[in-house]
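Descriptive analysis of the structure
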Amino acid sequence: MSEEAVGCCSRRRLLGTAALAGVGVIGLGACGTRSAKAIVPPAIKGKVIARTGEIPVGGGKVIDKWKIVVAQPSQGTFKAFTATCTHQGCTVGSPEDGVITCPCHGSEFNATDGSVKQGPAGAPLQEFTVRLQGDGIIVE
Ligand code: FES
């Protein structure tokens, strides 16, 4: 049986995942185009990873210590993604004008949801759930 690639997921993987989850394949059709939730390493869970004043609107920064890229795609909305490019593992650059660019081969990711805007990366950056506490951006 041949596998048909669908973004980062093979048809076989989609069907297997759907069967395990008890959901239809249609609900998983976005795989590869939208970010998945990142597994939060215990070392950063509940930690302040950045201060709101450090993250410009439309831009952001890479927190090297945690390998996380933090963005503020619109005023007061903060996002965090893994900073490891899904192409070949380089660390992505800081977001500019709503785009996270990988310096190695030029992949571009949307700073709003981590989705791929331009390859060669074929999978989105995984997203962390964050909340604000005062001016602290905290990974949950
Ligand atoms: S490693 Fe990021 S584009 Fe190749």
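The structure this text deals with has already been given above.
Residues numbered from 1 in each chain as written. Predicted model: local features only at pLDDT ≥ 70, side-chain atom pairs only at ≥ 80, totals over all residues. Heavy atoms only, no water.

Turning to the state of the cysteines, a few remarks are in order. Within the structure shown, the criterion is met by one disulfide. Here Cys-90 engages in a disulfide with Cys-104; their sulfurs sit 1.9 Å apart. Taking the torsion about the S-S bond as the criterion, the Cys-90 to Cys-104 disulfide, at about -95°, is left-handed. Taken together, the residues Cys-90 in the loop between strand S6 (77-82) and strand S7 (99-101) and Cys-104 in the loop between S7 and strand S8 (108-110) connect sequence positions 14 residues apart. A relative accessible area of 37% places Cys-104 in the partly exposed class. (Disulfide = S-S within 2.5 Å. Helix = DSSP H or I, 4+ residues; strand = E, 2+ residues; numbered from the N terminus. Buried < 20%, exposed > 50% of the residue type's maximum accessible area, 1.4 Å probe, protein only.)

Moving on, we come to the sheet that holds S8. The strand order across the open sheet formed by three strands is S7-S8-S9, and the pairing between neighbours is antiparallel. Since the sheet does not close on itself, it has two edges, and those belong to S7 and strand S9 (116-118), each with one partner. Adjacent strand axes in the sheet meet at a mean angle of 35° when their direction is disregarded. As defined by bridge partners, S7 adjoins S8 across three bridges and the pair is classed as antiparallel. Pairing of Val-99 across the sheet is with Asn-110, part of S8. (Pairing = 2+ DSSP bridges. Axes fitted to C-alpha atoms, helices over the stretch in contact; angles between N-to-C directions.)

Covered by surrounding structure in strand S12 (residues 136-139) are Gly-136 and Ile-138 together with Ile-137 and Val-139, the residues of both alternating faces. As paired elements, strand S3 (residues 48-51) and S12 share three bridges and run antiparallel to each other. Bridging across to S12, Arg-51 finds its partner in Gly-136. Taken together, the four bridges between strand S11 (residues 130-133) and S12 define a ladder with antiparallel strand orientation. Counted as the bridge partner of Gln-133 is Gly-136 from S12.

The topology assignment puts Gly-89 in the loop between S6 and S7. C-alpha separation for the pair Gly-89 and Cys-102, spaced 13 residues apart in sequence, amounts to 9.5 Å.

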